[in-house]
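# Architecture and fold: a report
Chain by chain, the residues run as shown.
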Amino acid sequence: MTATTTLEKALCVIGIYVCFFSWGILQERVTTRQYVDEESGDKIKFKYFIFMNVIQSILASFVAWIYLFSRNMKVQLPSVPLRNKFIQLSIISVCAAPFGYASLKYIDYPTMILGKSGKLVPVMLMNIILYRKSFPWQKYLVVLLITAGMTMFMLMNPKGSKKKDKNADIPLLQKLWGIMLLCINLILDGVTNSTQDEIFRTFRTLSGFHMMFFMNLFSSIIMAVFLVASDSYTQELSNAIAFVTMHPQVLYDVVLFGLCGALGQCFIFHTIERFGAMFLVTVTVTRKMGSILISVFLYDHKLVLGQWCAVLLVFAGIAVESFAKGGKHGHGDKKKNDDDGDRSGKKAAKIDKMGLEKDNGVDVLDETRVKEGGVKLRKNAGKQ
């Protein structure tokens, strides 16, 4: 691993941590802040989450477009195979979140966080099941160490309060239903991350910002259509507009929340493109551990011995991920495969037939590959 790659990884990790730590604070501010009704004096909260996610997707797509425009990178409608993949990803990502929210009706928040701490497992499983991808043994060890460490840490959390669990009276079958909803959420997340990996392996020079632009564009269209179509039943769109009209300051909070999420997505998609979904999920899962440790040292919280052992397991997993020689991240073979393509004009022509032509709006083949492939094809035709 070169010093440049190490620095790039470090910047991605810092960017994800800073942006999504701020994003979480702003999300809590938007959803818990009480806005005073000037007429009645009542205090009300903003609870229109789909509307908020539409705003965030639009802003994220706009931020990606600004980046692509500033780098003189074309933004045109991609080829049909790639477009279908983007639409598929958008639908899955839009559908995943509601299952997570719905599970909270039947399980408590710590249980959901515990489930989320094992997110590396479904991502790896979906890569294996859907795309027959194999991993070096170090990667399996990393997943085992981090997942075990996060699970131990949550389970050994000391009970600092004797308050009755608000979910204690929920029947066992309903709790199992909540766990099943959470599992669906995790599986859909795993499908999303593994499919993103597969797209970057198939469309070799696709940039992370192109994926960010189109995924958010299609997601915002899907959610906007849903809001309009279901407004006669849910009234979410009309009520959200009325709320923003009555309390204009909420729009400032929502836009700030969306921009912070958009900046975070810049680091997210760049990380997936360069280092793969497994590295990204490792970063996002261990982010919570980092936040907890910062809280421990800043506010003098106490951890039991078992939790310190869990912390050591997590950092052991991170150490294996960082120093294992055989465990390359993401798409490190990209250059080698592109060089192989340069040596084979027939292979370039075959890729063109798959719908990855250069004029599809995403520069899947650079000019050099197209020219060299064309020259070799003409020579072969002349020989025949």
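Residues numbered from 1 in each chain as written. Predicted model: local features only at pLDDT ≥ 70, side-chain atom pairs only at ≥ 80, totals over all residues. Heavy atoms only, no water.

### With respect to a nonpolar patch on the surface
Together, F62, W65, I66 and F69 make up an exposed nonpolar region whose accessible area comes to about 430 Å². Looking at the element boundaries, F62 is found in helix 2 (residues 49–70). Looking at F62, the relative accessible area reads 47%, which means it is partly exposed. (Patch = residues over 30% accessible without salt bridge, like charges linked within 9 Å, V, L, I, M, F, W, Y side chains within 5 Å. Areas by Shrake-Rupley, 256 points an atom, 1.4 Å probe, with all protein chains shown as cover. Salt bridge = Lys/Arg side-chain N within 4 Å of Asp/Glu carboxyl O. Helix = DSSP H or I, 4+ residues; strand = E, 2+ residues; numbered from the N terminus. Buried < 20%, exposed > 50% of the residue type's maximum accessible area, 1.4 Å probe, protein only.)

### Description of the nonpolar core
In terms of nonpolar packing, the biggest core is built from 31 residues, with F86, I199, L206, M211, M212 and I268 touching the most fellow members. Elements represented by at least two residues in this core include exactly helix 1 (3–32), helix 2, helix 3 (80–103), helix 7 (172–202), helix 8 (208–234), helix 10 (249–275) and helix 11 (277–299). Y48, L227, A240 and V254 belong to the second-largest nonpolar core, a separate cluster that totals 19 residues. (Core = buried A, V, L, I, M, F, W, Y, C linked by side-chain atoms within 4.5 Å.)

### Examining the packing of aromatic side chains
All told, the structure shown has 14 aromatic pairs when counted by the stated rule. A centroid spacing of 5.0 Å and a plane angle of 80° characterise the contact between F213 and F214, whose relative ring orientation is edge-to-face. Owing to a relative accessible area of 11%, F213 belongs among the buried residues under this scheme. By relative accessible area, F214 is classed as buried at 3%. (Phe/Tyr/Trp six-rings, centres within 6.5 Å; stacked < 30°, edge-to-face > 60°.)

### Quick word on unusual backbone geometry
Within the chain, N72 stands out as a residue other than glycine whose phi angle is a positive 55°. If you trace the backbone, N72 turns up in the loop between helix 2 and helix 3. What makes N72 exposed here is its relative accessible area of 71%. Of note in the backbone geometry, R132 takes a positive phi value of approximately 55° without being a glycine. Along the polypeptide, R132 turns up in the loop between helix 5 (120–131) and helix 6 (137–155). Residue class for R132 comes out exposed when judged on its relative accessible area of 68%.

### Things to note about the side chain of Q265
One can find Q265 in helix 10. For Q265, a relative accessible area of 13% gives the class buried. Excluding residues that lie within four positions of it along the chain, Q265 makes contacts with F20, A60, M212 and N216. (Contact = heavy atoms within 4.5 Å.)

### Observations concerning the packing of helix 3 against helix 8
Running from N to C, helix 3 and helix 8 point in directions that differ by 60°, and their axes come no closer than 8 Å. By the angle between their axes, helix 3 is oblique relative to helix 8. For the crossing formed where helix 3 meets helix 8, the hand is right-handed. Of the residues in helix 8, those in contact with R83, F86, I87, L89, S90, I91, S93 and V94 of helix 3 are H210, M211, F214, M215, F218, S219, I222 and M223. Taken together, the residues that form the contact of helix 3 with helix 8 break down as eleven nonpolar, four polar and one charged. (Axes fitted to C-alpha atoms, helices over the stretch in contact; angles between N-to-C directions. Parallel < 35°, antiparallel > 145°, perpendicular 65-115°, else oblique. Left-handed = near helix turned anticlockwise from the far one by under 90°. Nonpolar A, V, L, I, M, F, W, Y, C, P; charged D, E, K, R; others polar.)

### Focus: helix 3
Taking 1.5 Å per residue as the helical rise, helix 3 with its 24 residues ought to reach 34 Å, and the 35 Å between its terminal C-alpha atoms agrees with that figure. Within helix 3 the residues assigned to the buried category are L82, F86, L89, S90, I92, A96, G100 and S103. (Expected span 1.5 Å × (residues − 1).)

### Focus: the environment of V250
Relative to the helices and strands, V250 resides in helix 10. As a C-alpha pair, V250 and F46 span 204 residues in sequence and 7.8 Å in three-dimensional space. Look past the residues within four positions of V250 in its chain and what remains in contact with it is Y35, F46, F243 and V244.

### Examining the confidence of the model for the chain
Averaged over all residues, the pLDDT of the chain equals 77, while 74% of them reach at least 70. Counting interchain partners and residues more than four positions distant, the pLDDT-below-50 stretch residues 325–330 has 14 contacts. Low pLDDT, under 50, characterises residues 332–379; the stretch is placed with 65 contacts to residues that sit more than four places away or in other chains. (pLDDT = per-residue confidence, 0-100.)

### Describing the packing of helix 8 against helix 10
The contact between helix 8 and helix 10 brings their axes to 8 Å, and the two run at 125°. Between helix 8 and helix 10, the interaxial angle falls into the category oblique. Here the hand of the crossing between helix 8 and helix 10 comes out right-handed. Facing G208, F209, M211, M212, M215 and N216 of helix 8, the residues of helix 10 in contact are A262, Q265, C266, F269 and E273. For the contact of helix 8 with helix 10, the class distribution of residues is seven nonpolar, three polar and one charged.

### Thoughts on the side chain of T195
Note on placement: T195 falls in helix 7. Excluding anything up to four places from it in sequence, T195 contacts K85, Q88, L89 and Y131.

### Overview of the pattern of salt bridges
All chains considered together, the criterion is met by four salt bridges. A salt bridge links E8 to R274; the shortest N-O distance between them is 2.9 Å. Here R274 lies in helix 10 and E8 lies in helix 1, a separation of 266 residues in the sequence. Using a relative accessible area of 30% as the deciding quantity, one classes R274 as partly exposed. Note that K133 is salt-bridged to D197, the shortest N-O span being 3.9 Å. With K133 in the loop between helix 5 and helix 6 and D197 in helix 7, this residue pair connects regions lying 64 residues apart in the sequence. Classification of K133 as partly exposed rests on a relative accessible area of 21%.

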